Amino acid sequence: MMFTTGTDKSIDRKTGLLKSPAGSALRSIIASVCCILGGMLVGTIILFILAFTTKDIPISDAVKGMTIIFGGPFASGSKSSTLFVLGDMILETTPLLMTGLSVAIAFKTGLFNIGAPGQYLMGAMGSLITALSVPTNGSNNFWVWLLALVVGIACGMIWGAIPGIFKALFNVNEVIVCIMCNWIAANVVSWVFSVSGDRFINYAETKTKFIRPTSTNGVSTPKLGLDKVFPGSNIDIGIFIAIIFAIGIYILINKTTLGYELKACGMNKHSAKYAGMNEKRNIILSMVIAGGLAAAGASLWYLNGKNDFLWNTYSSLPNDGFNGIPVALLASNNPIGVIFSATFLRYIGKGGFNLAGYTHFNEYVSNLIIAMIIYFAGFSKLISDLLGRRRKKKTIEAQSAAVIAENTEGGDDK
Amino acid sequence: MAAPDTSHGAGTAEYPYVIEMRHITKEFPGIIANDDITLQLKRGEIHALLGENGAGKSTLMSVLFGLYKQEKGDILKNGEVVEINDPNDANRLGIGMVHQHFKLVDVFSVLDNIILGVEPNVAGFLTKKKAREKVMHLSETYGLNVDPDALVEDITVGMQQRTEILKMLYRDNEVLIFDEPTAVLTPQEIDELMEIMRGLAKEGKSILFITHKLNEIMAVADRCTVLRKGKYIGTVDIKDTTKEELSSMMVGRDVKFVVDKDEADPKEVVLEVENLCVHSKLHKKDAVHNVSFKVRAGEIVCIAGIDGNGQTEFVHALTGLEPVRDGKILLAGEDVTHKSIRYRNTHGISHIPEDRHKHGLVLDYTLADNMVLQRYFEPRFQTAGFIKFDEVRRYSDELIEKFDVRSGQGSASIARGMSGGNQQKAIVAREMDREHKLLIAVQPARGLDVGAIENIHTQIIKSRDEGSAVLLVSLELDEVMNVSDRILVMYEGEIVGELDPKKTTVQELGLYMAGAKRDGKEEE
Ligand SMILES: Nc1ncnc2c1ncn2[C@@H]1O[C@H](COP(=O)(O)OP(=O)(O)OP(=O)(O)O)[C@@H](O)[C@H]1O
Ligand SMILES: [Mg+2]
């Protein structure tokens with residue numbers, strides 16, 4: 001039995017178990033780097049074309065362009081400004097990371113959560129109302145903060161449950177319900193804040209389009225000294241909370257029975273049903289978790305205490321909700337990968353912002369370039385598969401040599 | 001060579017082999033699926049490919065059809081080396097394939113599936129009328145009965161198979177690859193298919209035919225190439241060989257075709273079905289109508305019948321995959337008619353499903369994950385919601401060993417990459433090993449090689465002897481006659497007869513299955 005002898009199997013098993021995760025991680029890193037380089041190249045070409053064809057843009061701007069984008073927060077060159085921008089970048093990564101996780105876990109269950117913007121808004125509303133209306137006395141501030149976070153997450157969970165329930169019970173496509181829920185959320189939030197009048201709206205600073213920052217009630221996410229590390233920035237520990245969420249979701253998906261069920265439902269709902277899994281429950285649950293994650297992104301952002309919430313939002317949806325989609329896709333829906341893809345997107349986002357600031361290119365060009373880079377990063381999966389094929393071939397050669405050797409000694413019966 | 005070949009390269013007809021695969025080697029992680037295999041297909045012959053599960057037959061055919069690229073070796077068409085990089089290349093060279101696991105679009109109609117990729121059109125607008133005529137014509141000439149307007153997801157496996165065959169015929173291919181076409185057909189349909197294949201060969205088409213059924217090879221093939229564990233064993237002329245010789249070439253030992261079993265000793269009733277009715281998805285009538293019977297511990301009751309007579313719906317109702325319209329299902333005296341699938345799974349029902357890809361496996365899970373598909377929540381495999389992967393793996397290794405499930409990387413193999421027969425063996429292993437009072441086995445031997453069939457029949461009988469009730473649903477007359485203790489024939493959703501396999505004949509069974517005969521005691 002050349003394929004089934006005990007020793008043979010244990011070797012295979014070991015290679016299968018030990019080698020491939022590390023190998024595949026390396027592979028995807030190489031692939032990502034290749035793609036980002038490709039994106040840079042194409043981006044540079046575009047910049048040069050634009051510089052050549054537009055009178056106002058000097059060629060030197062095109063030369064600088066890519067270094068500025070990839071310089072991200074470091075582009076300014078001065079240390080104090082770098083730390084300040086870096087800190088804010090980390091702070092801004094938090095909500096993106098959370099919406100990325102939200103989209104990723106829904107994808108794992110075979111659902112497309114395009115409802116993250118709505119869930120995000122509901123989370124913002126829940127957290128802001130709680131943080132601004134529960135009285136604080138100096139000693140309970142932390143608990144009010146925690147309560148506000150939990151309420152925000154709960155609001156998002158409820159909002160996520162709606163498309164989940166429609167999908168599970170009435171087989172209505174979740175994308176349609178999600179999109180409707182987004183706009184309903186935008187209007188609900190606007191309405192709630194408009195009828196609640198001066199209780200939440202920022203009349204004090206006559207920024208009447210905005211809700212008062214939660215710090216006015218003494219509620220804000222702890223900083224634990226991060227503001228000393230990044231002087232001038234608003235950074236708080238939200239990023240750590242988000243990373244803990246990411247790790248938690250990773251464990252949930254890969255190590256638990258619930259994750260096993262969610263994935264099974266996503267991969268083959270017929271066999272999940274055959275196995276006795278409750279598909280309807282899993283769909284709803286997955287959307288509830290996704291909704292909670294997206295909402296947590298908003299809660300962490302607004303509970304920072306310094307960020308303004310534009311309450312009159314009925315005609316627009318938060319970008320970070322939608323940007324969760326490329327974040328999840330770039331990470332192949334791997335929750336740990338989401339940490340990196342969210343950071344990456346924010347990083348080049350800063351770069352794009354700087355491009356418009358330091359050169360004659362406007363923000364549309366920088367958005368275009370960033371979109372190019374994201375597109376290229378999307379190819380990384382393809383490249384990683386190609387690399388995988390080559391790697392496999394090599395190991396197979398070694399393995400087959402071993403098998404052949406074993407077999408010729410063993411003496412085949414024919 | 002009788003019929004002149006006009007469409008494909010005249011003048012090359014001198015060369016005896018329409019297709020030659022020389023020294024083909026194809027590897028997958030942990031396994032050499034094809035190891036220096038040479039296959040020569042003569043023009044107008046029916047060439048069988050025989051080998052155990054996982055021997056590399058499908059892989060070899062996939063190489064020919066352009067789905068995999070060989071690492072070494074050449075493919076020759078009419079004596080000239082050709083590059084086949086994808087199925088389009090294969091199609092251009094007149095090579096068509098019916099896959100072991102069908103490649104149909106579920107939500108398209110049969111007709112749309114057949115013309116998919118070669119849609120007839122006038123200036124970009126579909127003109128289906130001609131296509132329909134051609135399909136209906138082919139369907140009539142070859143007796144491949146399909147409903148061109150039914151959605152693929154609604155039709156039986158048998159009809160899907162016929163759709164696949166029509167798809168190939170529709171493209172006028174001259175080299176036809178059939179990967180286990182008969183695994184899902186009824187005996188009558190198999191006879192018809194054999195007839196079709198002979199007719200095609202006579203017209204000058206060359207056929208490569210994979211099957212595990214030696215009778216079919218003996219009946220229809222001109223020559224047979226045998227593979228074993230990825231290696232070429234030999235090619236024999238069918239007229240100079242016997243079934244026994246073929247099977248020992250393939251397995252490396254002699255195989256018993258009939259399993260020994262003792263007299264059944266039926267005890268208490270385990271499954272009782274009372275006036276069961278199940279809706280049909282295809283038509284307005286019931287798919288299962290007023291079915292009542294009992295299965296006792298220690299006996300194997302077989303539901304025989306031609307595919308599409310309500311067996312699928314009946315089994316789905318028993319296992320909870322489809323709702324019951326009326327009637328009752330009692331499991332060991334307990335009414336489970338409206339219980340959840342999970343409840344039935346954990347209260348003694350094991351189910352080897354008819355469609356291993358749709359229901360039986362999560363193809364993108366590893367073999368180990370698939371082995372605990374209904375058990376991952378048991379304390380043995382999880383604590384506080386965390387799966388004990390070591391234990392899962394240990395258990396999976398145990399099953400792999402016990403049921404000889406072969407794959408490149410053992411427990412770590414992704415189910416999708418396993419050979420069809422080994423996927424089936426994995427499901428059988430899982431279901432047999434779960435604690436059960438009732439084993440519902442639908443076509444358990446589908447796609448298995450003779451050695452594996454012997455093994456699985458032995459296991460089923462062992463399960464019976466250990467006191468479980470077995471409900472076997474089979475289209476396979478040999479299996480029905482050899483394994484069962486009692487036969488119930490299902491025709492158009494009703495049980496039309498109860499037979500004793502020792503007292504009846506295949507002919508009589510056939511009459512019942514065709515609806516030509518039914519027991520007097522049934523209301524008529
Ligand atoms: N895509 C793949 N990835 C990994 N391994 C594969 C893949 N396809 C086939 N194999 C392996 O190659 C071997 C041969 O498989 P193949 O499907 O050709 O067998 P087969 O002779 O058709 O068997 P069966 O009679 O069971 O259908 C098997 O061990 C299988 O695990
Ligand atoms: Mg096969």
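On to the overall build of chain B, then. Across its full length, chain B holds 17 helices and 24 strands. In summary, chain B has a C-alpha radius of gyration of 24 Å against a globular reference of 24 Å for 524 residues, a match within 12%. Viewed in the frame of its principal axes, chain B has a C-alpha envelope of about 75 × 55 × 50 Å. Taking contacts inside chain B between residues at least 6 apart in sequence as the whole, the part at least 24 apart equals 68%. Accessible area of chain B: about 21,000 Å², with a carbon and sulfur share of 50%. The centroid of the 65 positive side-chain charges in chain B is displaced by 2 Å from the centroid of its 86 negative side-chain charges.

Scanning all chains against the criterion turns up 16 aromatic pairs over all chains. Geometrically, the ring pair formed by Phe193 of chain A and Phe200 of chain A is edge-to-face, given 5.8 Å between the ring centres and 85° between the ring planes. Residues Phe193 of chain A and Phe200 of chain A agree in their burial class; the two are buried. Relative to Phe314 of chain B, the ring of Phe293 of chain B has its centre 5.7 Å away and its plane inclined at 50°; by these criteria the two rings are tilted. Of this pair, Phe293 of chain B sits in strand S14 (residues 286–296) while Phe314 of chain B sits in helix H9 (residues 311–319), placing them 21 residues apart in sequence. The buried category is assigned to Phe314 of chain B, whose relative accessible area is 1%. The rings of Phe193, Phe200, Tyr302 and Phe309 of chain A are connected pair by pair, giving a single aromatic cluster. A cation over an aromatic ring shows up here: Lys26 of chain B above the ring of Phe28 of chain B, its NZ or CZ 5.2 Å from the ring centre.

Pairing within the open sheet is antiparallel, and its 3 strands lie in the order S1-S2-S3 (chain A). Of all strands in the sheet, those bounded by a partner on one side alone are strand S1 (201–202) and strand S3 (309–310) of chain A.

Residues and elements named next belong to chain B. Spatial ordering of the open sheet is given by S18-S21-S22-S15-S23-S24, a layout of 6 strands whose pairing is mixed. Among the strands making up the open sheet, the edge pair consists of strand S18 (349–352) and strand S24 (494–499). Between one strand axis and the next, the sheet turns through 20° on average, direction left out of account. Against the sheet, helix H14 (residues 420–433) engages S18 and strand S21 (438–442), with an angle of about 170° to S18. Lying on the sheet, helix H17 (residues 506–513) is in contact with strand S15 (300–304), strand S23 (486–491) and S24; it crosses S23 at an angle near 35°.

Residue and element names in this part refer to chain B. Domain parsing of chain B yields domain 1 (1–94 + 175–252), domain 2 (102–173), domain 3 (259–348 + 436–524) and domain 4 (361–434). If you look at the interface, domain 2 gives 4 residues, while domain 3 gives 4 residues. Where domain 2 abuts domain 3, roughly 340 Å² becomes buried across the two surfaces, and 60% of that area is made up of carbon and sulfur atoms. When the buried surface of domain 2 facing domain 3 is broken down by residue, Asp154, Thr156 and Val157 rank first, second and third, together holding 83% of it. Linking domain 2 with domain 3 are 0 salt bridges, by the criterion used here. Summed over the shared surface of domain 2 and domain 3, the number is 0 residue pairs in polar contact (both at pLDDT 80 or more). Split by residue class, the side of domain 2 that touches domain 3 holds 1 nonpolar, 2 polar and 1 charged.

What follows concerns a nonpolar patch on the surface. Residues and elements named next belong to chain A. On the surface, Ile165, Phe166, Leu169 and Phe170 cluster together into a nonpolar patch covering about 370 Å² of accessible area. Note that Ile165 resides in helix H5 (residues 141–170). Overall, the relative accessible area of 34% leaves Ile165 in the partly exposed class.

Before going further, it helps to spend a moment on the nonpolar core. Core analysis: the largest hydrophobic core is formed by 72 residues, its most contacted members being Ile69, Leu97, Leu101, Ile105, Ile249 and Ile369 of chain A. With 11 residues, the single largest contributor to this core is helix H3 (residues 79–108) of chain A. Among residues more than four places away in sequence, those in contact with Ile105 of chain A are Ile249, Leu252, Ile253, Leu262, Ser286, Ile289, Ala290 and Leu293 of chain A. Membership of the second largest hydrophobic core comes to 59 residues, among which are Tyr395, Ala415, Ala426 and Ala441 of chain B.

With that out of the way, let us pick up the pattern of salt bridges. Considering all chains together, one arrives at 40 salt bridges over all chains under this definition. For Lys350 of chain A, the salt bridge identified is with Glu92 of chain A, shortest N-O distance 3.4 Å. With a gap of 258 residues between them, Lys350 of chain A in helix H13 (residues 335–358) and Glu92 of chain A in helix H3 connect regions that are remote in the sequence. Overall, Glu92 of chain A belongs to the partly exposed group, its relative accessible area being 22%. In this structure, the salt-bridge partner of Arg132 of chain B is Asp149 of chain B, at a minimum N-O distance of 2.9 Å. One end of the pair, Arg132 of chain B, is in helix H4 (residues 128–141); the other, Asp149 of chain B, is in the loop between H4 and helix H5 (157–170), and 17 residues separate them in sequence.

What follows concerns helix H2 (residues 59–71) of chain A. Residue and element names in this part refer to chain A. For H2, with 13 residues, the first-to-last C-alpha span of 19 Å sits near the 18 Å given by 1.5 Å per residue. Helix geometry: H2 is bent most strongly at Gly65, by close to 35°. Those residues of H2 that fall on the buried side of the exposure criterion are Asp61, Ala62, Gly65, Met66, Ile68, Ile69, Phe70 and Gly71. Once H2 ends, the next one or two residues include Gly72, with phi positive near 50°.

Scoring rules and cut-offs
Sequence positions are assigned chain by chain, starting from 1 and proceeding in written order. Think of it this way: whatever chain is written first is A, whatever ligand is written first is 1, and the rest follow in order. Confidence filtering applies because this is a predicted model: local features only for residues at pLDDT of at least 70, side-chain atom pairs given and counted only at 80 or more, and all residues used for totals across whole chains, interfaces and linings. Each side-chain value is derived from all of the structure's non-hydrogen atoms; neither hydrogens nor water enter the calculation. Runs of H or I in DSSP of at least four residues are treated as helices and runs of E of at least two as strands, each being numbered from the N terminus. We compute the radius of gyration over the C-alpha atoms and compare it with the globule rule, which gives 2.2 Å times the number of residues raised to the power 0.38. We call two residues contacting when some pair of their heavy atoms lies within 4.5 Å. Surface accessibility follows the Shrake-Rupley procedure with a 1.4 Å probe radius. Residue values consider only the protein chains on display as shielding. By the counting rule applied here, Lys and Arg register as positive and Asp and Glu as negative, while His and the ends of each chain are not counted. For this purpose, a charge sits on NZ of Lys, CZ of Arg, CG of Asp or CD of Glu. Working definition: a ring pair exists when centres of Phe, Tyr or Trp rings (six-membered ring for Trp) sit within 6.5 Å. Plane angles under 30 degrees give stacked, over 60 give edge-to-face, the rest tilted. Only protein chains enter the accessibility calculation, which uses a 1.4 Å probe; a residue is then buried when its area is under 20% of its type maximum, exposed when over 50%, and partly exposed in between. A ring is considered to have a charge above it if a Lys NZ or an Arg CZ atom is located within 6 Å of its centre and within 35 degrees of its normal. Two strands make a pair as long as DSSP finds a minimum of two bridges between them. Fitted lines through C-alpha atoms serve as axes, helices being fitted only where they are in contact, and the angles separating the N-to-C directions of these axes extend from 0 to 180 degrees. Throughout, the edges of the domains are those of an automatic or database domain assignment. Joining two parts hides part of their accessible area as seen by a 1.4 Å probe, and the buried area is that hidden amount summed over both. Here, a salt bridge means any Lys or Arg side-chain nitrogen found within 4 Å of an Asp or Glu carboxyl oxygen. As used in this structure description, the phrase polar contact means that two N or O atoms lie within 3.5 Å; if the pair is within protein, one of them must be able to donate a hydrogen and the other to accept it, and residues adjacent in sequence are counted only when both atoms belong to side chains. Lys, Arg, Asp and Glu make up the charged group, whereas Ala, Val, Leu, Ile, Met, Phe, Trp, Tyr, Cys and Pro make up the nonpolar group; the residues left over, Gly among them, are polar. Each patch groups residues whose relative accessible area exceeds 30% and which form no salt bridge, using 9 Å between like charges and 5 Å between nonpolar side chains of Val, Leu, Ile, Met, Phe, Trp and Tyr. The definition of a nonpolar core used throughout is a set of buried Ala, Val, Leu, Ile, Met, Phe, Trp, Tyr and Cys residues joined through side-chain atoms within 4.5 Å. Between the first and last residue of a helix there are one fewer steps than residues, each counted as 1.5 Å, and that sum is the expected span. To get the bend at a given residue, fit one axis to the seven residues ending there, fit another to the seven starting there, and take the angle between those axes.

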